[in-house]
Amino acid sequence: MSVLNGKKILLGVSGGIAAYKTASLVRLFIKAGAHVQVIMTPASKDFVTPLTLSTLSKNPVHSSFFNQDDEDAVWNNHVDLALWADLMLIAPATSNTLSKMTTGNSDNLLVATYLSAKCPVYFAPAMDLDMYKHPSVLSSFTALKSFGNIMIPAESGELASGLSGEGRMAEPENIITFLEADLESKLPLKGKKILITAGPTYEAIDPVRFIGNHSSGKMGFDLANEAANLGAQVILVAGPTHYKAKNGLVEVINVVSAQDMYDACHEYFNDVDVAIAAAAVADYRPKVVALQKIKKAADEFSIELEKTKDILASLGAIKKNQFLIGFALETENEIENAKLKIQKKNLDLIVLNSLQDEGAGFKKETNKVTFIDQDFKIEPMELKSKESVAVDILNKVVLHFEKS
Ligand code: CTP
């Protein structure tokens, strides 16, 4: 999945012949799953029509401070447009637009929006070869880079003037590759390996029956997707569940029993930077698994159970630098019990689920958790979707690496 998936992209088109290539660029953004809004300078409309870019972006195209065609002359709020964007790309960026961006000359909507943008800004210059080398243009590049803007260098080849050299706007495919590589390199968990457990475990009684629980696995899968979106390499050890990882980069190891989950976790743990135990592991399993289906006989029937291994505690016992996060599901003395689990399992952070909170727990779309860290700092969170809880948990992981 492209890192551009779900990103809100503001494309500023200025007036050069390369503007016709923005039709392909918008199409590639949409294909990557991005949301696109386009701002055009008045001059760019001579090279590509707003209708083309509006059709491809599935959004109205903005080119002036107000919509002249509207009876009410609705104002195009450049501040709202700028704040909407996760990233702004000016392509093609002509020498005129680059110079206005440098000096703050906001006589068109594109430059006014650029000046209001708080998101990362990229620019892909396009001009003739001598213009591209002119000291005035070079000083625009230097100034914009000093503002923190990122240049997508022009490419060499045949130019509209008939000359050949450096100055052609980077090809749309190359712009996409550049953006993806740049965004990926800046993901906060890039280079980190995370092990996550999810779902229930099934403990066999006989070939057709098992002891299990109602865990859906959603929390663990949401954590895995979000961690992968943040750039981490994710190994998800999942008990039986119908969930699939949305992010194709998540490596899913399917297991059935607590022992399988234990073995899989120990295979990977030494190699990871973070482990999050979100699985609802069975605490007990039948001492003996019948080889044949148990037939109905006496009125009463009991199964002798033995403890499974506590996977999280076993990881806590051997951990070196790994940041270890566990969950606690409690129905009474929640905080005290959770604190005991932090110590007993040698955790860095525990995510306490209280079944007393409405909307929290198994088979629910939402969760209400409280974070407790190693120093017993308690942070209660609002009721929110499990996806948002996953984001909160991974923010704690990001914060941990920022501090260390
Ligand atoms: N856990 C585990 N292996 C087990 C049992 C639990 O890895 N055999 C992990 C869970 O994934 C969770 C944490 O331990 O992150 C706490 O689980 P919880 O069920 O709240 O607590 P238990 O330790 O099982 O204790 P109890 O059931 O007595 O509250």
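See the structure above.
All figures in this text were calculated on a predicted structure; none of them were measured in a lab.

**Student:** Go over the pattern of salt bridges with me, naming the residues and quoting the values.
**Tutor:** Applying the stated criterion across every chain, the model contains 17 salt bridges. Of the charged contacts, one joins Lys186 and Asp182 as a salt bridge, the two residues approaching to 2.7 Å between their closest N and O atoms. With relative accessibility at 15%, the residue Asp182 sits in the buried group. One salt-bridge network, in which partners are shared between bridges, spans Lys218, Asp222, Lys246 and Glu387.

**Student:** An account of unusual backbone geometry is needed here, citing residue identities and associated values.
**Tutor:** Following Ala91, the chain continues into Pro92 via a peptide bond in cis, with omega recorded as -5°. Within the fold, Pro92 resides in strand β4 (residues 87-93). Notably, Phe376 is not glycine yet its phi reads approximately 65°, a positive angle. Note that Phe376 resides in the loop between β20 (369-373) and β21 (378-380). What makes Phe376 partly exposed here is its relative accessible area of 28%.

**Student:** For the side chain of Lys345, give the residues involved together with the corresponding values.
**Tutor:** Relative to the elements of secondary structure, Lys345 occurs in helix α12 (residues 334-345). A relative accessible area of 14% places Lys345 in the buried class. With sequence-adjacent residues up to four places away left out, Lys345 is seen in contact with Asp310, Leu312, Ala313, Gly316 and Leu324.

Basis of the calculations
- Residues numbered from 1 in each chain as written.
- Predicted model: local features only at pLDDT ≥ 70, side-chain atom pairs only at ≥ 80, totals over all residues.
- Heavy atoms only, no water.
- Salt bridge = Lys/Arg side-chain N within 4 Å of Asp/Glu carboxyl O.
- Buried < 20%, exposed > 50% of the residue type's maximum accessible area, 1.4 Å probe, protein only.
- Helix = DSSP H or I, 4+ residues; strand = E, 2+ residues; numbered from the N terminus.
- Contact = heavy atoms within 4.5 Å.

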